[in-house]
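Here is what each chain is made of, one letter per residue.
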Amino acid sequence: GTSGTIDFGGASTPITIVTPVQDNHDISIKKTGSFADSSRTKASYTVTVTTNQGTGEPVSITDKWDKWNSTSGVTYSYDQSSLKVVKVSANGGETTLIQGSWNPYNYNVAWTGGSEPQFTVSNLPALSAGEKYVVTYATNIGGATSEAGKVANSAGTTSGNHKPWDWHSIEW
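Residues numbered from 1 in each chain as written. Predicted model: local features only at pLDDT ≥ 70, side-chain atom pairs only at ≥ 80, totals over all residues. Heavy atoms only, no water.

Concerning the pattern of salt bridges
- This structure, assessed with the given rule, holds two salt bridges.
- When the shortest N-O distance is used, the salt bridge between Lys31 and Asp63 registers 2.3 Å. Highlighted residues: Lys31 in strand E3 (residues 28-35) and Asp63 in strand E5 (residues 59-65), separated in sequence by 32 residues.
- A salt bridge links Glu131 to Lys87; the shortest N-O distance between them is 3.7 Å. Separated by 44 residues along the polypeptide, Glu131 in the loop between strand E9 (118-124) and strand E10 (132-142) and Lys87 in strand E6 (residues 75-88) bring together distant segments of the chain. Accessibility assignment for this pair places Glu131 and Lys87 in one class, buried. (Salt bridge = Lys/Arg side-chain N within 4 Å of Asp/Glu carboxyl O. Helix = DSSP H or I, 4+ residues; strand = E, 2+ residues; numbered from the N terminus. Buried < 20%, exposed > 50% of the residue type's maximum accessible area, 1.4 Å probe, protein only.)

Considerations on the environment of Val109
- Here Val109 lies in strand E8 (residues 108-112).
- What Val109 contacts, discounting residues up to four positions off in sequence, is Leu83, Ile98, Asn103, Thr120 and Val121. (Contact = heavy atoms within 4.5 Å.)

Quick notes on the packing of aromatic side chains
- This model, assessed by the stated rule, comprises eleven aromatic pairs.
- Arranged with centres 5.9 Å apart and planes meeting at 40 degrees, the rings of Tyr105 and Tyr107 form a pair that is tilted.
- For Tyr107, a relative accessible area of 14% corresponds to the buried category.
- An aromatic cluster of three or more residues is present, and its members are Tyr45, Trp65, Tyr76, Tyr78, Trp111, Phe119 and Tyr137.
- Looking at Lys31, its charged tip hangs above the ring of Tyr45, at a distance of 4.8 Å from the centre. (Phe/Tyr/Trp six-rings, centres within 6.5 Å; stacked < 30°, edge-to-face > 60°. Lys NZ or Arg CZ within 6 Å of the ring centre and 35° of its normal.)

Thoughts on the sheet that holds E6
- With respect to topology, five strands assemble into an open sheet ordered E3-E4-E10-E6-E7, the strand pairing being antiparallel. Each of the sheet's edge strands pairs with one partner strand only, and the pair in question is E3 and strand E7 (94-99). Taking each pair of neighbouring strands and ignoring which way they run, the sheet shows an average axis angle of 20 degrees.
- Pairing of strand E4 (residues 42-50) with E10 involves nine bridges; the strand directions are antiparallel. Residue Thr50 lies in a different strand from E10, and its bridge partner there is Lys132. (Pairing = 2+ DSSP bridges. Axes fitted to C-alpha atoms, helices over the stretch in contact; angles between N-to-C directions.)

A few points about the side chain of His168
- Mapped onto the elements of the fold, His168 is located in strand E12 (residues 165-171).
- Taking the relative accessible area as the measure of exposure, His168 reaches 18% and is therefore buried.
- Separated by 3.1 Å, the side chain of His168 and the backbone oxygen of Gly33 make a polar contact. (Polar contact = N/O pair within 3.5 Å; in protein donor to acceptor, adjacent residues only side chain to side chain.)

Section: the pairing of strand E11 (residues 150-158)
- Among the nine residues of E11, seven are classified as buried, and the element is accordingly described as predominantly covered.
- Relative to E11, E5 is paired through six bridges, and the arrangement is antiparallel. What sits directly across from Ser60, in E11, is Thr158.
- Bridge count for E11 against E12 is seven bridges, and the pairing is antiparallel. Its bridge partner lying in E12, Asn153 is registered against His168.

Structural data, given as structure tokens:
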């Protein structure tokens, strides 16, 4: 069985043995991006969330600008109309879940603006083994005019107790 009690008799107290639950789920994340124009005013990003064994629970994906690791004076804002979330099955079939304001399944998309912009897409269906989510979006970049610098940001995903993050910087 998975648990039980052992009684050694006499004045000793019985000991309860509990077998830990094995976690047969996983999730990982990878973020890439590059400037979309030579004037460094727009950037395009891809966030890929994958699983080998399945996630077992719903998936949330968060992306945020890392103001503190970006070059001073650089500004960053999301082009909300460019957000696209695609679920890719293990055999490669693609289903678009969100594209700009088109969100027929009513997944929760929360945007935060201001000096530290971010977005979260939450309660996406659990992924089965070999499936993935591919999130693409564009950003508006300001102040990337110095001779050298970088725009830094990160993305993370959550499913159950699994919470991996990936960081990406575009440097010039």
